[in-house]
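A structural walkthrough
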Protein chains: 2
Amino acid sequence: MRSPAVECHSQLVKTSEDPPLHQRLGAEFQRRIESGEWPEGRPVPSESQLCAEFGTSRGPVRQALAMLRHEGSLTGGRGKPPVARRTAPSQPFGTFLSFTQWARSIGREPGQTTVEVARRRASPGAAARLGLAEGAPVVELVRLRLLDDVPAMLERSTFVHEVGRILFDFDPDTGSVYEELLRRDVDLHHARHTIDAVAAEPHDAELLRVAVGDPLLRVRRLTTSSRGVPLEDADDRYLPAMATFTIENTIEGRTVIGRYRTEED
Amino acid sequence: MRSPAVECHSQLVKTSEDPPLHQRLGAEFQRRIESGEWPEGRPVPSESQLCAEFGTSRGPVRQALAMLRHEGSLTGGRGKPPVARRTAPSQPFGTFLSFTQWARSIGREPGQTTVEVARRRASPGAAARLGLAEGAPVVELVRLRLLDDVPAMLERSTFVHEVGRILFDFDPDTGSVYEELLRRDVDLHHARHTIDAVAAEPHDAELLRVAVGDPLLRVRRLTTSSRGVPLEDADDRYLPAMATFTIENTIEGRTVIGRYRTEED
DNA sequence: CGTCAAGAGGTGTCTATACAAGTTACCGTC
DNA sequence: GACGGTAACTTGTATAGACACCTCTTGACG
């Protein structure tokens, strides 16, 4: 079994044997676009040229190109050689989920002061969204999130007990809860964010240092496991002057999202 | 030429000859998932069964399945037969862009009263976003949008003159501006939406029938052509009680977006 | 000098085959 | 009855070839 290698053609990547060919090709092509080796707006080598360069058949090459095309890094069509296009990448899951990762990604220093972390019985609304019986034990975490030491967002999270109990072993003032949960192999996989606007309630106003009734950007978030089991129900209220959300979409169906610091006018 | 048909194998779809096979298969598979013919959570027929049913090779079948997998309607992996999963589909470009299409898609009757449509010189901000010289001629459209005859959103759009002049041939009270622009072959291709919250100004408050200072959900939109030329700069202000935006994302990078009517609590 | 036709080269689509790698079910053994 | 191994089936990956359709260039012709 397992004749150790073929070790002939294929000239560039082929570091180990592990990742499948079309993935290696995709990564290599993406590198070439991002590095400018394939300049933006200029046609990239044809499929047959790429086949020749890497010593493969058309299948893997087309699979890799299709991946990039789906991400919007390549355009082109029948008869026309594909053209490279640098695009603002969608914020990856972690950055979009984690305030800490987001703040760092825009070059700001995240901070937080924990208002409370408590084990209590689920409120009717949270219980319904989390799929729990009313009154089931949950862990609630309320934190004021800071951007360069300025209040930016008030976060109210409700975790199912199995996940929330991890928080008692962890000081929520020191860093990212999400990174800690992922380190503990919690299966955070899917999140649904619902965005609207609310008026600041007295408690919000006091912590965010605004007047009662001032508009806040609210993001309610339901985070679930890969099997669809709800793990967290959150209500984040942002100062509109500190953060905005963006959605970009095209007629072809590509969609990218991002969260950005509000640019001063 | 054009030997009229082959009319042998392939039993179900095959209406005409126009759309390519893998697209027909993809549409058929999607229909089966949405109709419940392939129940959610249950494994769907194997690739070889599908090949036999439609009399094709594995290529098109796999291409169709890959499409659905990318949209999140199918899960599965090596060795495991794929499993159907109904998901809230991402709103297509048109529905996300057009208030009229959106309203119809949620079963409400859209309406509008045009506050003004005017040709004037671009304001500094709009000129900068549209890439025009300050003072260049533009067309401004202000409409109050209704959902079942109730005010829901105040729309302020600024169109570059070349696009905006179409509006003078068209009564914005009668229907969708976007559908009209698309009919006129305007190349609306890409849109960037920036979401935040603002307090209602006196003019907003009067038209939307709320108090001055009440929170509104603001969506600023820059629509561009497929070559990146800005065509429209808009500022939509929603009553938070009437609409919310949702973003769903997963750790694998899939993202879908939607705009929904706020559910009553 | 403009216009149309032919050709070369490109991608899109489809078929057929082969093997690798994972999952599941079954069956014999202990 | 529990355990382990095998066999069948599934999807993932890759190759090779064929043809349709589109684009762009080139060259001949008017």
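Read on for an overview of the structure. Bear in mind the structure is a predicted one, so any value in this text is a computation, not a measurement.

Turning next to the overall build of chain A. A count of helical and extended segments in chain A gives nine helices and ten strands. Per-residue burial over chain A gives 33% buried out of 265 residues. Sequence separation of 24 or more characterises 54% of the internal contacts of chain A that already satisfy a separation of 6 or more.

Attention now moves to the protein's contact with DNA strand C. Of all residues adjacent to DNA strand C, which total 20 residues, the nearest are A:Glu47, B:Leu21, B:Thr56, B:Gly59 and B:Gly79. Sorting the residues of the surface near DNA strand C by element identifies α2 (47-54), β1 (74-77) and β2 (80-84) of chain A together with α1 (21-35) and α3 (58-71) of chain B as the ones contributing at least two each. Top contributing element to the surface near DNA strand C by residue count: α3(B), with three residues. Of the residues assigned to the surface near DNA strand C, the class counts are five nonpolar, ten polar and five charged.

Here the focus is the protein's contact with DNA strand D. What surrounds DNA strand D is a group of 20 residues, the closest being A:Leu21, A:Thr56, A:Gly59, A:Gly79 and B:Glu47. Those elements giving two or more residues to the surface near DNA strand D turn out to be α1 (21-35) and α3 (58-71) of chain A together with α2 (47-54), β1 (74-77) and β2 (80-84) of chain B. Sorting elements by how many residues they give to the surface near DNA strand D places α3(A) first, with three residues. Looking at the surface near DNA strand D, its residues break down into five nonpolar, ten polar and five charged.

If you look at the biggest cluster of nonpolar residues, it comprises 36 residues, and the most contacted ones within it are A:Leu216, A:Tyr238, B:Met153, B:Leu216 and B:Tyr238. Residue contacts for B:Met153: discarding those within four places in its chain leaves B:Phe99, B:Arg145, B:Asp236, B:Arg237, B:Tyr238, B:Leu239 and B:Ala243.

What follows is about the packing of α2(B) against α3(B). Residues and elements named next belong to chain B. One can describe the packing of α2 onto α3 by two numbers: an axis separation of 9 Å at closest approach and a directional angle of 115°. Crossing hand, α2 versus α3: right-handed. Of the residues in α3, those in contact with Glu 47, Leu 50 and Cys 51 of α2 are Arg 58, Val 61 and Arg 62. When its residues are assigned to classes, the contact of α2 with α3 shows three nonpolar, no polar and three charged.

A few words now on the relation of the copies chain B and chain A. For the pair of chain copies, the relating transformation is a rotation about an axis with a translation along it. Each copy superposes on the other: chain B lies on chain A with an RMSD of 1.0 Å after a rotation of 179° and an axial shift of 0.2 Å. The operation mapping one copy onto its partner corresponds to a two-fold rotation axis. Within chain B, B:Pro215 has its C-alpha nearest the rotation axis, a separation of 2.4 Å. Take the interface residues of chain B: 100% of them recur as interface residues in chain A, which is what a same-surface contact looks like.

Reports of interface size often rely on the accessible area that becomes lost once the parts have come together. Each partner contributes to the interface: chain B provides 35 residues, whereas chain A provides 35 residues. For the side of chain B that touches chain A, the secondary structure elements donating two or more residues are α4 (93-97), β6 (190-199), β7 (215-224), β9 (244-250) and β10 (255-260) of chain B. Its residues placed into classes, the side of chain B that touches chain A shows 17 nonpolar, 14 polar and four charged. Looking at chain direction, strand β9 (residues 244-250) of chain A and β6(B) are connected through six bridges and run antiparallel. Within the sheet, the bridge partner assigned to A:Asn249 lies in β6(B) and is B:Ala191.

Before going further, it helps to spend a moment on unusual backbone geometry. The phi dihedral of A:Asp148 falls on the positive side, at around 55°, and the residue is not glycine. For A:Asp148, a count of 12 C-beta atoms within 10 Å corresponds to the exposed category. The backbone of B:Arg209 sits at a positive phi, close to 60°, despite the residue not being glycine. Along the chain, the position of B:Arg209 falls in the loop between α9 (202-208) and β7.

The subject of this paragraph is the sheet that holds β9(B). Strand order in the open sheet formed by eight strands is β3(A)-β4(A)-β5(A)-β8(A)-β7(A)-β6(A)-β9(B)-β10(B), and the pairing between neighbours is antiparallel. A strand with exactly one partner marks an edge of an open sheet, and here the two such strands are β3 (110-121) of chain A together with β10 of chain B. Across the sheet, the mean angle separating the axes of adjacent strands is 15° when strand polarity is ignored. Pairing analysis gives six bridges linking β9(B) to β10(B), with the strands arranged antiparallel. Paired with B:Glu248 across the two strands is B:Val256, which belongs to β10(B).

What counts as what
- Residues numbered from 1 in each chain as written.
- Chains lettered and ligands numbered in written order.
- Predicted model: local features only at pLDDT ≥ 70, side-chain atom pairs only at ≥ 80, totals over all residues.
- Helix = DSSP H or I, 4+ residues; strand = E, 2+ residues; numbered from the N terminus.
- Buried ≥ 20, exposed ≤ 12 C-beta atoms within 10 Å, placed from the backbone.
- Contact = placed C-beta atoms within 7 Å.
- Near = placed C-beta within 6 Å.
- Nonpolar A, V, L, I, M, F, W, Y, C, P; charged D, E, K, R; others polar.
- Core = buried A, V, L, I, M, F, W, Y, C linked by C-beta atoms within 7 Å.
- Axes fitted to C-alpha atoms, helices over the stretch in contact; angles between N-to-C directions.
- Left-handed = near helix turned anticlockwise from the far one by under 90°.
- Least-squares fit on C-alpha atoms with pLDDT ≥ 70 in both.
- Pairing = 2+ DSSP bridges.

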